[in-house]
Amino acid sequence: MSDSPPQQPSHSPHGGRGEGGGHGPAQGPRSHPGGPAAGPEPTTLLLAGARLTDGRTVDVRLGGGGRIQAVGTPGSLPAPALSRVDLTGYLLLPAPAEPHAHGDTALTADGEGPVSHAPDDVQRRATEAALLQLGHGATALRSHVRIGDVHGLGPMEAVLQARRSLRGLTDLTTVAVPRLLTGVAGADGLAMLRDAVKMGASVIGGCPDLDPDPTGFVDAVLELAAEHGCPVDLHTDGDDPARLARLAAMAGGLRPGVGIGPCGGLSRLPLDVATRAADRLAAAGVRVTCLPQGDCAALERRGLRTAPVRLLRAAGVRVSAGSGALRDAGNPVGRGDPLEAAYLLASQGGLRAAEAYETVSACAREAMGLPEVRVEAGFPAELLAVRGDRIAGVLSLAYSRIVIHRGRVVARTSAVREYCDSAVAVALDLPRQGRTEPGP
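What comes next concerns the included structure. Just so we're clear, the structure is a prediction, and the values are computed from it rather than from any experiment. (Residues numbered from 1 in each chain as written. Predicted model: local features only at pLDDT ≥ 70, side-chain atom pairs only at ≥ 80, totals over all residues. Heavy atoms only, no water.)

## Notes on the pairing of strand β8 (residues 171-177)
For clarity, the threshold we go by: Per-residue accessibility, obtained with a 1.4 Å probe over protein chains only, is compared with the maximum for each type, and a residue is labelled buried under 20%, exposed over 50%, and partly exposed between these values. Helix and strand definitions here come from DSSP, where helices need a minimum of 4 consecutive H or I residues and strands a minimum of 2 consecutive E residues; each element is numbered from the N-terminal end. Pairs of strands are assigned from DSSP output, requiring at least two bridges between the strands. A crossover gets the label right-handed when its path from the first strand over the helix to the second runs clockwise, viewed with the strands pointing away from the viewer.
Buried residues dominate β8, accounting for 5 of its 7 residues. Examined bridge by bridge, strand β7 (residues 140-146) and β8 share 7 bridges and lie parallel to one another. The residue bridging S143 from the neighbouring strand is T174, located in β8. Handedness of the crossover joining β7 and β8 through helix α2 (residues 154-165): right-handed. Relative to strand β9 (residues 203-206), β8 runs parallel, the two sharing 2 bridges. The residue bridging V175 from the neighbouring strand is V203, located in β9.

## Section: empty space enclosed by the protein
Selection rule: Any residue with an atom within 4 Å of a point lines the site, the site being either a cavity, points on a 1 Å grid over the protein atoms alone where a 1.4 Å probe fits but cannot get out, or a pocket, an open set with protein on both sides within 12 Å along at least 5 of 7 lines. Grid points are joined across faces, edges and corners, and a volume is the space filled by probe spheres set on the points. Charged residues are taken to be Asp, Glu, Lys and Arg, nonpolar residues to be Ala, Val, Leu, Ile, Met, Phe, Trp, Tyr, Cys and Pro, and polar residues to be all remaining types, Gly included.
Under the definition given, this model contains 4 cavities of 30 Å³ or more. Empty space within the largest cavity amounts to approximately 60 Å³. The class makeup of the residues in the lining of the largest cavity is 3 nonpolar, 2 polar and 4 charged.

## A word on the packing of helix α1 (residues 119-136) against α2
Note the following rule: Axis lines are fitted to C-alpha atoms, over the contacting stretch for helices. Their N-to-C directions set the angle, which ranges from 0 to 180 degrees. These descriptions rest on fixed angle ranges, namely under 35 degrees for roughly parallel, over 145 for roughly antiparallel, 65 to 115 for roughly perpendicular, and the rest for oblique. Two helices cross in a left-handed way if the nearer one is turned anticlockwise from the farther one by less than a right angle. They cross in a right-handed way if the turn is clockwise. Every residue pair with non-hydrogen atoms within 4.5 Å of one another is taken to be in contact.
Their axes nearest at 8 Å, the elements α1 and α2 cross at an angle of 45°. Between α1 and α2, the angle falls in the class oblique. Handedness of the α1/α2 crossing: right-handed. Residues P119, V122, Q123, A126 and T127 of α1 pack against P155, A158, V159, Q161, A162 and S165 of α2. Taken together, the residues of the contact of α1 with α2 sort by class into 7 nonpolar, 4 polar and no charged.

## Quick word on the sheet that holds β7
If you trace the 8 strands from one edge of the open sheet to the other, you get β6-β7-β8-β9-β10-β11-β12-β13, paired in parallel fashion. A strand with exactly one partner marks an edge of an open sheet, and here the two such strands are β6 (98-101) and β13 (319-321). Each strand axis lies, on average, 25° off the axis of its neighbour in the sheet, ignoring direction. Pairing geometry for strand β12 (residues 287-290) and β13, over 3 bridges, is parallel. The residue bridging T289 from the neighbouring strand is S320, located in β13.

Have a look at this one:
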């Protein structure tokens, strides 16, 4: 079968760009103002001929409320959809989410001289990075943003502005990341952290490993999080079992919850020590976000090893996977692709393909406090269609993708593979798409 782009919606959507600008994401049809329409709901979208992970081929109807209205056998759903996308040859999945991004420093690896933290530059980078990750399939992102030092709250303000400009294309939330919170130097950091929460940061973070008093740092974060009802998402290498034990004891019972990552240091501990640490994290309900594609610049590079995902899962820890650095100092070639993170966990982390994809979809959404997604009626229409028929093949060759956010197509990537004319290519029906007319 040709690896050609999917059929475009049968009725062209109004408007060519999303709220954040740019040329990639596609707009869905708009509702018509006024009284009830004589025909069907104008924002209905029909996904036709999609394959599910259980092997079924189905039609999926999405409603204007951003939810899945119905799932049925091909041709069984009423035909009032104004837009139709042919997903023949595509596997339809719950969309991934990105629980560990760094939008303020993304795309800086190739720059000359010091990285600019001017608000306009940060906003541009954060917006471009979010759109790149949206194109990969992530319809929700959690971006860790550094605050304090000479830059103050400027980067946070810029990423929050990017969040507003991206509304309708992707859901972007921010984590305020102070450097120090204890001692005389930490007083300013604590005051700035409070201001960041007031500005709109929805998660409190930081790296206790870099504070002279890691326990005091965690205590300050947890106290402020409890005061404001915010989740906590901390950077830690996880190579100090005593420090992890203290964190677990302090974090137990905090709602809405505590997450840590990337915890690559756990892989360097003796097996029995790492197992006890995992048991303590599980008992406290602390989640772990690993970074299979490499570390992030928030931590000192101590040996790029991924957290022991199988060990953590066996202990009952909820493990999600993030991308970390996106072409910045932490990883100059980072792709920000959740399917690559899942691929690495399947190829090197010992997880089955379905388990690996779960770490970047269901587990990532859960870590971010987002509602569950299933390809069933009533669930949010946060979906990713990837050319392929099985999850293992999708993780191996995830080229063509269609991303659906709140019930509309917001991004497409269409890959075309061509082979030179030959009897072998014709006989084997190798996937290709040739030009129908001569051209450059």
